[in-house]
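Notes for the structure review
Here is how the chains run, residue by residue.
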Amino acid sequence: MEICFFAALIVYFAASVLQFIGSALKKDGLNKIARVAFGLGFLLHTGYTVWRGFTAGRLPLANQFEFASGFAWAIAALGFFLYWKLRQEWVMTAAMPMAFLILSYAAFQPMQIKDIMPALRSTWFALHIGSAAFSYAAFAISAGLGVVYLVQLKKGKSADDPRMKQMDYLGYRIVCLGFLLLTVVIFSGAIWAEQAWSSWWSWDPKETWALITWIFYAIYLHQRLRLKWQGRRMAWLAVIAFVLVIFTFAGVNLLLPGLHSYAGL
Amino acid sequence: MKRILSFFRSMTFGMILLAAVMALSLAGSLIPQQEEAMKYVNAYGAQTAALLMGLGFTDIFHTWYFYALEILLCLNLLLCSILRFGRTRKAGERLKQQAIKAACDQPFADESQFQKITAYLSGQRYRKTESENAVLYSKHFMGFYGSFLVHLSILLVLLFGSLVLMTPQVTDQTVMPGETLTLSDGTTVTCESFHIQDESGKLDYASVLTAASPDGKQSKTQEIRVNEPLRFGSYKIYQQTYGTAGRIQIRNNSNGAEEIQYMTEPAFLAIDQRNGIYFEALYPGYFRDEDGNFTLITSTDRSYPDPVYRIQSITDGMSAAVLAFPGEEINIGDITFSFLSPAEYPGLRIKRVSGWLYGGLYFSFGLMVAALYLCFFAIPVAVKAAKEGYVICSPKNQEGLALALEAEKSQAGKNP
């Protein structure tokens, strides 16, 4: 079944390239093919994830490979949902490369299925890790939209263009969703930590970086809601914030050992 | 005074505090915390290490300035919560009045469009209020409280969180299977059994504990493992660590006295202080090559597959290194040392907690999630529909609703 995973990776890549060319050349046909390809990749990815879950007998989000794969899957799922709601090509232009990049990262991680370690056997596991995957996915799409927005600005599109405004607004709304989910991640993690390690907060590097990310997005939201920041500045903030997300997700496991060290296994 | 108060409750001040907490957290995650001084000297050099320790950067989350930041953040949240509550209390009524007074900027071409729009809004569960010559539809007025509740809940999380972290009495204790601990108030905790691996060989680290009240009237037996602590009264008992202890039976052949010693650290076992054994360590397993030489395995996270004792046999002050295996005996003088199968034992964390503080913290968590939902996804809106047209009033962007109503309007007459 690993073939499904790698097939999904290749199809995501092909879809991203087609979407990029289609958007650059304004060829709707190419974008449509890209969407179909992305849908096919999503089905393969879903199939692989379901197979892995059944084979392991648990939710397949227990190590770095599985979480990265789940993260990419959540980006694709959220991308399709937003496209279905808005029917805007730029949603897919943002989501496709993000899903591909995160799945590429997963491909470099050890893939073998291992027993879940005792600390992860908890009813909080699904809520904590599942909401983290979707929270990060929301931030990834927001950053992707930020990049698309900045590229469009660079190409001379006006910030007053209705599409640009819509892109800017969606970028903010999706951060709202990600922020809510990140809060759920932190709180469910705190309750779980109290049950497992006896303290709801230990300043473990993963916890600390989750807090740093949360504070950065809180600042983002305040700038938007109270200072009415929009457009270019918010797009940059979304991109910078996603760097923090990536460090919290991957960098902490690689560079800062702590209670969450098993996440890198 | 008014200006000072206004600064303390301002968003700018809040943002400065958040940025400062973020920066200190960043430093705290990059510099190892609460390590021994020599570790910092080795890692950063004597001068930098002294500077880091002097500034408190080696235990940054417990410095006075980190606590001061938290207190100031609480003050900022408290003041801005009070301010927001005052503002939001009458916001719903204000929005309704604003909608009633607003001119309809989306005109209807005919009566059917009015019918279509009002039917759509009713179907979307908007609250309907009749007013003179118009109908007012409103929804999500709880959303006005979203921002206030978010700030209040962060304040509560900080307060309850700090109390929960600071107040519990925590003790760590190892206990051998069959042993009973007596806690400060007389409550007893007996370790009935412990295993590292379950029957199928999976790592499990589970203890069966029995806790009993001081008078013995109440008791509870439970298997605890990571994620499944034992709750008994105000105590919470966690499966924290584990170990494997050597078991050596010492028999005095002259009088028949026997005792079993659990060995976790090097120790000299003797009766006359001259003859006996010096226990060095217990090893999980070993390899034996063709020449009969032993290579000892030093660690495992599982049960010991082939345990071996490394001891010094001491007779009249003369020592000899010996490897002993479970089931073997050594006689020194009148004493027989029998090496038994090792015992796996748990390390327990015993915490005395206040239930209502935890209740408060978890309530604050729930409140904050609900408040964020209200803040982001329950955006208050009022739609005034009159014969001549309609108008949408909301403190935030209502593009989605505007598009939906536009679509409904254009459908009027096509799908009766």
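Structure shown above.
Keep in mind it's a predicted model, so treat the numbers as computed, not measured.

1. Topic: the overall build of chain B
Within chain B, the regular secondary structure consists of 10 helices and 21 strands. A globule of 416 residues ought to have a C-alpha radius of gyration of about 22 Å, yet chain B, at 36 Å, is considerably larger. Per-residue burial over chain B gives 43% buried out of 416 residues. Of the contacts formed within chain B by residues at least 6 apart in sequence, a portion of 59% connects residues at least 24 apart. Summed over its atoms, the accessible surface of chain B is roughly 22200 Å², and 55% of this surface lies on carbon and sulfur atoms. For chain B, the centre of its 36 positive side-chain charges and the centre of its 39 negative side-chain charges are spaced 21 Å apart.

2. Some thoughts on the environment of phenylalanine 268 of chain B
All names here are of chain B. Looking at where phenylalanine 268 falls in the secondary structure, it is placed in strand β12 (residues 267-270). Along the backbone, phenylalanine 268 and leucine 77 are 191 residues apart, and their C-alpha atoms lie at a distance of 61 Å. The residues touching phenylalanine 268, leaving out its near neighbours within four places in the chain, are Gln273, Arg274, Asn275, Gly276, Ile277, Tyr278 and Ile314.

3. Quick word on the interface of chain B and chain A
Counting from both sides, the interface comprises 47 residues of chain B and, opposite them, 44 residues of chain A. A buried area of about 4000 Å², summed over both sides, lies between chain B and chain A, and 71% of it is on carbon and sulfur atoms. Taken as a group, Met22, Asn227 and Phe376 of chain B account for 17% of the area that chain B buries against chain A, more than any other trio of residues on that side. Our count for the chain B to chain A interface comes out at 3 salt bridges. Between glutamate 194 of chain A and lysine 236 of chain B there is a salt bridge, with its nearest N and O atoms 2.5 Å apart. Between the two partners, chain B and chain A, sit 12 residue pairs in polar contact (both at pLDDT 80 or more). Class assignment of the residues belonging to the side of chain B that touches chain A gives a composition of 30 nonpolar, 8 polar and 9 charged.

4. Things to note about the pairing of strand β16 (residues 308-315) of chain B
Residues and elements named next belong to chain B. By the criterion of burial, β16 is predominantly enclosed, with 6 of the 8 residues buried. In this sheet, β16 lies alongside strand β13 (residues 276-283) in antiparallel orientation, the contact comprising 7 bridges. When the sheet's bridge partners are listed, tyrosine 283 is paired in β16 with valine 308. Examined bridge by bridge, β16 and strand β17 (residues 318-324) share 7 bridges and lie antiparallel to one another. Looking at the pairing, glutamine 312 lines up with alanine 321 of β17. Counted along the chain from β16 to the antiparallel partner β17, the turn is 2 residues long, and its residue aspartate 316 has a positive phi close to 50°.

Conventions adopted
- Numbering of residues begins from 1 in every chain and follows the order in which that chain's sequence is written.
- Chains carry letters from A onward and ligands carry numbers from 1 onward, assigned in written order.
- Given that the model is predicted, a residue must reach a pLDDT of at least 70 before its local features are reported, and side-chain atom pairs must reach 80 or more before they are shown or counted; all residues, however, enter totals for whole chains, interfaces and linings.
- To get the side-chain values, take all heavy atoms of the structure and skip hydrogens and water.
- Secondary structure counts use DSSP, requiring at least four H or I residues in a row for a helix and at least two E residues in a row for a strand, with both numbered from the N terminus.
- Atoms considered for the radius of gyration are the C-alpha atoms alone. The globule rule reads 2.2 Å times the number of residues to the power 0.38.
- Burial classes: relative accessible area under 20% of the type maximum marks a residue as buried, over 50% as exposed, and values in between as partly exposed (1.4 Å probe, protein chains only).
- We call two residues in contact whenever any of their non-hydrogen atoms come within 4.5 Å of each other.
- Computed with a 1.4 Å probe, the accessible areas rest on the Shrake-Rupley method; for each residue, only the protein chains presented here act as cover.
- Charge assignment: positive for Lys and Arg, negative for Asp and Glu; neither His nor the chain ends contribute.
- Charged side chains are reduced to one point each, which is NZ for Lys, CZ for Arg, CG for Asp and CD for Glu.
- Once two parts are brought into contact, the accessible area they lose, counted with a 1.4 Å probe and summed over both, makes up the buried area.
- Salt bridges are counted wherever a side-chain nitrogen of Lys or Arg sits within 4 Å of a carboxyl oxygen of Asp or Glu.
- Definition of a polar contact: a pair of N or O atoms within 3.5 Å, with one able to donate and the other able to accept a hydrogen when the atoms are protein atoms, and with sequence-neighbouring residues admitted only if both atoms are side-chain atoms.
- Under the scheme applied here, ten amino acids are nonpolar (Ala, Val, Leu, Ile, Met, Phe, Trp, Tyr, Cys and Pro), four are charged (Asp, Glu, Lys and Arg), and all others, including Gly, are polar.
- At least two bridges found by DSSP between two strands are what make those strands a pair.

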